[in-house]
Amino acid sequence: ILSSSLELDQVLDHILDRIKNVILGDTFNIMLIEGGMARVVRWHGYEDIELADSINAYSLDIKEYGSFKTMRSTGKGMFIMDTQEDSHWVLRDGWEWLRSYVGAPISVGGEIVGFININGKQPNMFNATDARYLEVFAYHAATALQNARLYRRISDSLAEKEVLLKEIHH
């Protein structure tokens, strides 16, 4: 899948589709960090909880969320068995349905650039094995990001050269 497309959205959707086949969850998303904010860029499963219309604009300040801070500092995936019992979990209005969580950081060149997140409506849906599996998917997402960025740089460079060649010939 990674080598079949350089379209980042398509590759990230494929990754989410594969995750759903390996880890049982209710909602799935990939967030990328932009200016200290983690923003949802691809997602699945939010239609059932009537958040599909707003999830694309959903972003969180990573400094305010213990799970993101933990994954950034360790570089490892993590899980929360019951969000209502976890002292570091930030409860948000409209998200009371979210009772369990597993996530993994996406690292490119040693820098955490995003997260893959799976949410569950029931407590105790995830464990350490799920977090490790998600780390593997995060590695593939990082590869897709690197490939897409490289492709974009090459395309931009070629476009600039074409403009220069046209200017020289006219």
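Here the structure is a predicted model, which means the values were calculated and not measured. (Residues numbered from 1 in each chain as written. Predicted model: local features only at pLDDT ≥ 70, side-chain atom pairs only at ≥ 80, totals over all residues. Heavy atoms only, no water.)

Re the sheet that holds strand β5 (residues 100-108)
Next, step 1: Strand order in the open sheet formed by six strands is β3-β2-β1-β6-β5-β4, with antiparallel pairing between adjacent strands. The sheet is open, and its two borders are formed by β3 (59-61) and β4 (78-80), each paired with just one other strand. Neighbouring strand axes in the sheet, compared pairwise and without regard to direction, differ in orientation by 25° on average.
Next, step 2: Across nine bridges, the pairing between β5 and strand β6 (residues 111-120) is antiparallel. (Pairing = 2+ DSSP bridges. Helix = DSSP H or I, 4+ residues; strand = E, 2+ residues; numbered from the N terminus. Axes fitted to C-alpha atoms, helices over the stretch in contact; angles between N-to-C directions.)

What about the pattern of salt bridges?
Next, step 1: This model, assessed by the stated rule, comprises six salt bridges.
Next, step 2: Salt-bridge contacts for K20 lead to D17; the nearest nitrogen and oxygen are separated by 3.7 Å. A residue pair is termed a helical-turn pair when its members lie 3 or 4 positions apart in one helix, as K20 and D17 do in helix α1 (residues 8-22) at three residues.
Next, step 3: Given a relative accessible area of 27%, D17 falls into the partly exposed group.
Next, step 4: Put simply, D61 and K63 hold a salt bridge, and the shortest N to O gap is 3.9 Å.
Next, step 5: K63 gets classed as exposed once you look at its relative accessible area, which sits at 58%.
Next, step 6: Taken together, the salt bridges that share partners define one network made up of D9, D13 and R42. (Salt bridge = Lys/Arg side-chain N within 4 Å of Asp/Glu carboxyl O. Buried < 20%, exposed > 50% of the residue type's maximum accessible area, 1.4 Å probe, protein only.)

What about the confidence of the model for the chain?
Next, step 1: Averaged over every residue, the pLDDT of the chain is 87; the share at 70 or more is 90%.
Next, step 2: Confidence, read as mean pLDDT per element, is least for helix α2 (residues 52-55) in the chain (77) and greatest for β4 (97). (pLDDT = per-residue confidence, 0-100.)

Focus on helix α3 (residues 66-74)
Next, step 1: Burial in α3 covers these residues: G66, S67, F68 and M71.
Next, step 2: Contacts from the buried residues of α3 go to β1 (27-34), β2 (37-44), β3, β4, β5 and β6.
Next, step 3: Two residues or fewer after α3 comes G75, characterised by a positive phi angle close to 75°. (Contact = heavy atoms within 4.5 Å.)

Focus on the environment of V113
Next, step 1: With respect to the secondary-structure elements, V113 resides in strand β6.
Next, step 2: The buried category is assigned to V113, whose relative accessible area is 8%.
Next, step 3: When the C-alpha atoms of V113 and D9 are compared, they prove to be 16 Å apart, with 104 residues separating the residues in sequence.

Considerations on the pairing of β6
Next, step 1: With nine of 10 residues buried, β6 lies mostly within the body of the structure.
Next, step 2: In the sheet, β1 pairs with β6 via six bridges, with the strands oriented antiparallel. Along β6, the bridge assignment pairs I30 with I116.
Next, step 3: Turn length for the β5-β6 hairpin, with the two strands adjacent in sequence and antiparallel, is two residues, and the turn residue G109 shows positive phi of about 60°.

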